[in-house]
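The lines below spell out each chain.
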Amino acid sequence: GMQGELCVFVGTPLWENTIEATWATNSTILLDYGQCNQCNGSSGLPRISLDAVPGVPADQPHFQALSLWSTLARRLTEKNASRHSDDPLDRCYWLMHVDGRSYVN
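Residues numbered from 1 in each chain as written. Predicted model: local features only at pLDDT ≥ 70, side-chain atom pairs only at ≥ 80, totals over all residues. Heavy atoms only, no water.

Draft legend 1. How the structure looks around the overall build of the protein. Secondary structure assignment for the protein yields two helices and four strands. Along its sequence from the N terminus, the protein presents helices and strands in the succession β-α-β-β-α-β. Sorting the 105 residues of the protein into buried and exposed places 34% on the buried side. Of all intrachain contacts in the protein linking residues separated by at least 6 positions in sequence, the fraction that spans at least 24 positions is 48%. Within the structure as shown, the protein displays about 6600 Å² of accessible surface, and the carbon and sulfur contribution to it stands at 51%. (Helix = DSSP H or I, 4+ residues; strand = E, 2+ residues; numbered from the N terminus. Buried < 20%, exposed > 50% of the residue type's maximum accessible area, 1.4 Å probe, protein only. Contact = heavy atoms within 4.5 Å. Areas by Shrake-Rupley, 256 points an atom, 1.4 Å probe, with all protein chains shown as cover.)

This is the structure we're talking about:
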């Protein structure tokens, strides 16, 4: 049916191993904003790289939010047009962004 998962997108790769060990599910997806050198963490969590936003400098406060939602819109639209196998977004029905620091203190 139409039942699907709540996918949680986490933008704090620094905590990814702790997140994986504590509260992550198979619907937790890490975000790579292209701003860190060591984003290839050792966790088994899926990861997506976010697009740059044309006309919006990366140092603008809202850049990451625009990048997240525009990337997800693009990927979901492409996914519907041509089914990718093994795409972590396939199981997503609801989308939520969480800062990993909210859970790891």
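Draft legend 2. A look at the environment of isoleucine 29. By the secondary structure assignment, isoleucine 29 is in strand β2 (residues 28-32). Residues isoleucine 29 and proline 88 lie 59 residues apart in sequence; the distance between their C-alpha atoms is 7.5 Å. For isoleucine 29, the contacting residues outside a window of four places in its chain are Cys7, Val8, Phe9, Val10, Pro46, Arg47, Ile48, Pro88, Leu89 and Cys92.

Draft legend 3. Here's a closer look at the packing of aromatic side chains. Taken as a whole and judged by the stated rule, the model has one aromatic pair. For the pair tyrosine 93 and tryptophan 94, a centre-to-centre distance of 5.4 Å together with 90° between the ring planes defines the contact as edge-to-face. When its relative accessible area of 54% is taken as the criterion, tryptophan 94 is described as exposed. (Phe/Tyr/Trp six-rings, centres within 6.5 Å; stacked < 30°, edge-to-face > 60°.)

Draft legend 4. Region of interest: the sheet that holds β2. If you walk across this open sheet you meet the four strands as β3-β2-β1-β4, and the pairing is parallel. Of all the strands in the sheet, just β3 (47-49) and β4 (92-98) have a single pairing partner and so form its edges. Averaged over all pairs of adjacent strands, the angle between their axes in this sheet comes to 30°, without regard to strand direction. (Pairing = 2+ DSSP bridges. Axes fitted to C-alpha atoms, helices over the stretch in contact; angles between N-to-C directions.)

Draft legend 5. Spotlight on the state of the cysteines. Tallying each qualifying case throughout the model produces one disulfide. Linked covalently through their sulfurs, cysteine 7 and cysteine 92 form a disulfide whose S-S length is 2.0 Å. Where cysteine 7 bonds to cysteine 92 through sulfur, the torsion about that S-S bond is close to -95°, and the disulfide is left-handed. One end of the pair, cysteine 7, is in strand β1 (residues 5-10); the other, cysteine 92, is in strand β4, and 85 residues separate them in sequence. (Disulfide = S-S within 2.5 Å.)

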